[in-house]
Amino acid sequence: MAAAPATRSQSAALCRQLLLTLTILISACDACKKVTLPVPSKLDAERLVGRVNLKKCFKSANLIHSSDPDFQILEDGSVYTTNAILLSSEKRNFTISLSNTETQEEKKILVLLEHQTKQSDSKETVLRRAKRRWAPIPCSMMENHLGPFPLFLEQIESDTAQNYTIYYSIRGPGVDEEPLNLFSVDRDTGKLYCNRSVDREQYESFELIALATTPDGYSLERPLNLIIKVEDENDNFPIFTETTYIFTIAEHSRVGSTVGQVYATDKDEPGTLHTLLKYSILEQLPASPTVFFMHSSTGVITTSSQLDREVIDKYQLKIKVQDMNGQHFGLFTTATCIIQIEDVNDHLPTFTRTSYETSVEENQVDVEILRVSVEDKDLFNTSNWRANYTILKGNENGNFKIVTDPKTNEGVLYVVKPLNYEERRQLTLQIGVVNEAPYFRDITSRSAMSTATVIVNVKDQDEGPECTPPVQIVRIQESAPVGTKSSGYKAYDPETKSSSGIRYKKLNDPKGWITVDEYTGSITTFRSLDREAESITNGIYNVTILASDIGGRTCTGTLGIILEDVNDNGPLIPKQTVVICKTVMSSAVLVAFDPDDPINGPPFSFSLEGDSDSNIHTMWRLTAINDTAARLLYQNDPPFGPYIVPVRVTDKHGLSHVTSLDVIICDCVTENDCTLRVVPAAGKAEMKLGPWAILAILLGIALLCCILFTLVCTTSGAAKKQKELPEDLAQQNLIISNTEAPGDDKVCYANGFTTNAVCSSNQGVCGTMGSGVKNGGQEIIEMVKEGHQTLESCQGAGHHHTLESCKGGGQRPLDPCRGGYVETDSYRHAYSEWRNFTQPRLGEKVQLCNQGDNHKHAEDYILKYNYEGKGSMAGSVGCCSERQEEDGLEFLDHLEPKFRTLAEVCVKR
């Protein structure tokens, strides 16, 4: 740092201008709006432009930014140029942004650079001098220095100290950051000291900031970045990454194959001799022969000769790493390296013997007959050692197999298919052996296989009879008479090929149809044979036969008796109940079946059976559909009901069978809807009710009982108060029926009320609403309550009584139907009184009846019916009809289907 000479007058002028500028800056900064700095026309890089008192604007600013990249602002407010600048006649300005991140405040200062031509040379000289007198100083120190401390390192100096009083200070790591108080500087002289020793492996260098300020805190120089480097010394040993290395390499690897690589680290300074490492092998166990080489720079271990696991299977090396490029004064460390030799299949298994001989009894299966052993020098219990045996020759029939015993590595020879002494007494096998792993050399399989010869002798054994073939067949006609003989089952002695001396016995005869001759095995029928019997499949009857010799040895076989079919069964119709829904069809399909063989079966012919007196042929006729089916059609529009129709079916050989069919002509749409069953018997018919008709009767009876119970309660209350009518009385006369025209038993009034006959058979009470009577120009309704009468009691066999005949007089009149007494209570009221009483109540009941939670009527509760024609020719079909005679009921035979069920319920024909 050198100071340029200057005259006293120039210095005084510069001081006056600086004071004036600072005064302007202070006054302008107080407003925190605008600052004007007079500058020369040319500014070099890193020149001081001026200083702004930032504390007046912001006491604490975390961030300081300049809007112009050519200028930078230090924390003390000093403004420096970052690049060389040439100002024109126009003014240049930029903005200084001050922000405090803690309080989220931000302020800005506008800096105006005003060009001045006067005294520009003197200002330029001052700026140029500032750059020369404040420059970085190279500095270093040795690590682990022994002192004495404090140790002088360097002196920093500013030329401004010639004109001003300057205080020096430093900051950064080693001063006010960790490690604290390691460096210090003399405030007055600028001498830099180190206060204690430093480890380079912990701190490679320190970057300090040196400051030169006046006593009042102004910085006349830019902060100086001072780097102190810590010089390295060789104070760290190289260290292997592992204390023991383990490598493997296959035997017979080529020379120069890589075994592995070792690594070491050194904490000293990289790129110096202190970290230049050299590797070497100090010792090998076993020592001879030397088979490994280590590269000194990389630590890679390679082979230098062939390896044989069967000679030496493991080596141990003592290795060394040394810094200073291996020089004798360098630091070193040792480690252990274990190299294991991996086995390869370089030895073939060989049989300990070249030939073997063994024996086995005939007919034996799954027995061990021989064990063979091999030798192999490869590693025990590995794929290079384990043997695989195979039979090369002599096992064309598959009588033998050979497997490996995993524990002993022996080959075990088994018999898996019985041998026959009579066929072959000696067999010669050739067996071979290889390893599980392939041989490491490329050779053919034959040359890599050891072979041996095995002679197997078959021993003779006294065998039992042979049931060959196991299933034998005979044929017998099913119509053969009892006692018919036939050849049966035959067994043989395998040695003599004869059946003499063999005894036969029947083990299983499902139906007991045959007997077996003990000495010859022939069979005799014991019962008649039926091909169509149950458990006979495809016309074959199986019998199990046991054959035994003198020694008690046995065998079993099956005798299949084929039953030859005869035409002994006529065709029949399996479905004997036929339903014809008259409304949708006029015929039914009949399918016949013949249990005989198809050669005695179809085509079938169908015909009706019946004499000339019967009307079978006038009511029915048959038409053929195919070979096994025909169509049955009715004629002359027969009435509904059941009929018996005999049908004869004849096969192609003339054998026939008559099937009596139950044919039902029904008023239905499908067969499941048909519930009527009519059995014709001399023009009489019996009525049977289906489940829905019975349910309808029960519901009607329950409804009538409820009405009668209401009437009884009403009349009992009326005895106490005659003029008051019970509130439910009107409901007893509301019988809902979807009649679309007035019945013959009703008296119609203009107000819509009618009188009806009411009958209850459930409670044994018959009651009626009397006919309307006009009394003195006023209509009177008579209500009569009668008890202990049923509909059945009023209608005897062959007689018909109306309910009027059940009425008696007096207190307890004699019942003409049952011989009992009838209690009668009569109440007479004017029709106007009746109407006035029931009309409002009836409307109220209708409104409240059958309402849901939302007070709405069901959609099907109140129905309106229009008059669609004249009244019914049959009159009333009520259960208590007032008809006096039993004749005139022919109309019931022509009712529509909807009314026929109701007529059948209420009238017994």
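(A) Looking closely at the nonpolar core. Phe351, Phe400 and Leu413 are the most contacted members of the largest nonpolar core, which has 24 residues in total. Counting residues per element, the ones that place at least two in this core are β27 (355-361), β28 (367-372), β30 (387-393), β31 (400-404), β32 (411-415), β33 (426-435) and β34 (450-459). When sequence neighbours within four positions are dropped, the list of residues in contact with Phe400 reads Ile369, Ile391, Asn395, Leu413, Tyr414, Val415, Val416, Leu419, Leu427, Leu429 and Val456.

(B) Quick peek at the pattern of salt bridges. In this structure the tally under the stated criterion is 14 salt bridges. Put simply, Arg200 and Glu201 hold a salt bridge, and the shortest N to O gap is 3.3 Å. Relative accessible area serves as the criterion here: at 4%, Arg200 is assigned to the buried category. Lys506 serves as the salt-bridge partner of Asp509, at 3.1 Å between the closest nitrogen and oxygen. Among the charged side chains, a salt-bridge network with shared partners connects Arg200, Glu201, Glu204 and Asp232.

(C) Inspection of the packing of aromatic side chains at higher detail. One pass over the full model with this rule turns up twelve aromatic pairs. A ring pair is formed by Phe240 and Tyr245, whose centres lie 6.2 Å apart and whose planes are at 75 degrees; its orientation type is edge-to-face. Of the two residues examined, Phe240 and Tyr245, each falls in the buried class. Between Arg187 and the ring centre of Tyr167, over which it is positioned, the NZ or CZ distance is 4.0 Å.

(D) Inspection of the state of the cysteines at higher detail. Evaluation of the coordinates by the stated rule reveals three disulfides. Here Cys581 connects covalently by a disulfide to Cys668, the sulfurs 2.1 Å from one another. Since a negative S-S torsion denotes a left-handed disulfide, the Cys581-Cys668 link at about -95 degrees is left-handed. Separated by 87 residues along the polypeptide, Cys581 in strand β42 (residues 577-581) and Cys668 in the loop between β48 (656-666) and α4 (691-718) bring together distant segments of the chain. As far as the burial class goes, Cys581 and Cys668 line up, both buried. Cys666 shares a disulfide with Cys674; S-S distance 2.2 Å. On the sign convention where negative means left-handed, the S-S torsion of about 110 degrees between Cys666 and Cys674 marks this disulfide as right-handed. In this structure, Cys666 and Cys674 share a single accessibility class: buried. In the protein chain, the cysteines engaged in disulfides, taken in order along the sequence, are linked 1-2, 3-5, 4-6. Take Cys139: it sits in no disulfide, and the sulfur closest to it among the cysteines is that of Cys194, at 9.3 Å.

(E) Representation of the sheet that holds strand β25 (residues 332-342) in the model. What the four strands build is an open sheet, ordered β18-β25-β24-β21; its pairing is mixed. Looking at which strands have only one partner, the edges of the open sheet turn out to be β18 (244-250) and β21 (278-285). If you compare each strand with its neighbour and ignore which way they point, the axes differ by 30 degrees on average. Both β18 and β25 contribute to a ladder of seven bridges, which runs parallel. Counterpart to Thr248 in the pairing with β25 is Gln340.

Conventions adopted
- Residue indices begin from 1 for each chain and proceed along its sequence in written order.
- Selection of residues for local features in this predicted model requires a pLDDT of at least 70, selection of side-chain atom pairs for listing and counting requires 80 or more, and totals for whole chains, interfaces and linings are taken over all residues.
- Each side-chain value is derived from all of the structure's non-hydrogen atoms; neither hydrogens nor water enter the calculation.
- Definition used in this section: a nonpolar core is a set of buried Ala, Val, Leu, Ile, Met, Phe, Trp, Tyr and Cys residues joined via side-chain atoms within 4.5 Å.
- Per-residue accessibility, obtained with a 1.4 Å probe over protein chains only, is compared with the maximum for each type, and a residue is labelled buried under 20%, exposed over 50%, and partly exposed between these values.
- Strands here mean DSSP runs of E at least two residues long; helices mean DSSP runs of H or I at least four residues long; both are numbered from the N terminus.
- Residue contacts are counted whenever heavy atoms from the two residues lie within 4.5 Å of one another.
- Salt bridges, as used here, are contacts in which a Lys or Arg side-chain nitrogen is within 4 Å of a carboxyl oxygen on Asp or Glu.
- Stacked, edge-to-face and tilted are the three classes for Phe, Tyr and Trp ring pairs, Trp counted by its six-membered ring, which pair at centre distances within 6.5 Å; planes under 30 degrees apart are stacked, over 60 edge-to-face, the rest tilted.
- Charge-over-ring contacts are defined here by two conditions on Lys NZ or Arg CZ: a distance within 6 Å of the ring centre and an angle within 35 degrees of the ring normal.
- Two cysteine sulfurs form what is called a disulfide whenever their separation falls within 2.5 Å.
- Only strands that DSSP links by at least two bridges are regarded as paired with each other.
- Note on method: axes are straight lines fitted to C-alpha atoms, helices fitted across the in-contact stretch only, with angles between N-to-C directions ranging 0 to 180 degrees.

Just geometry here; none of it tells us what the structure is for.
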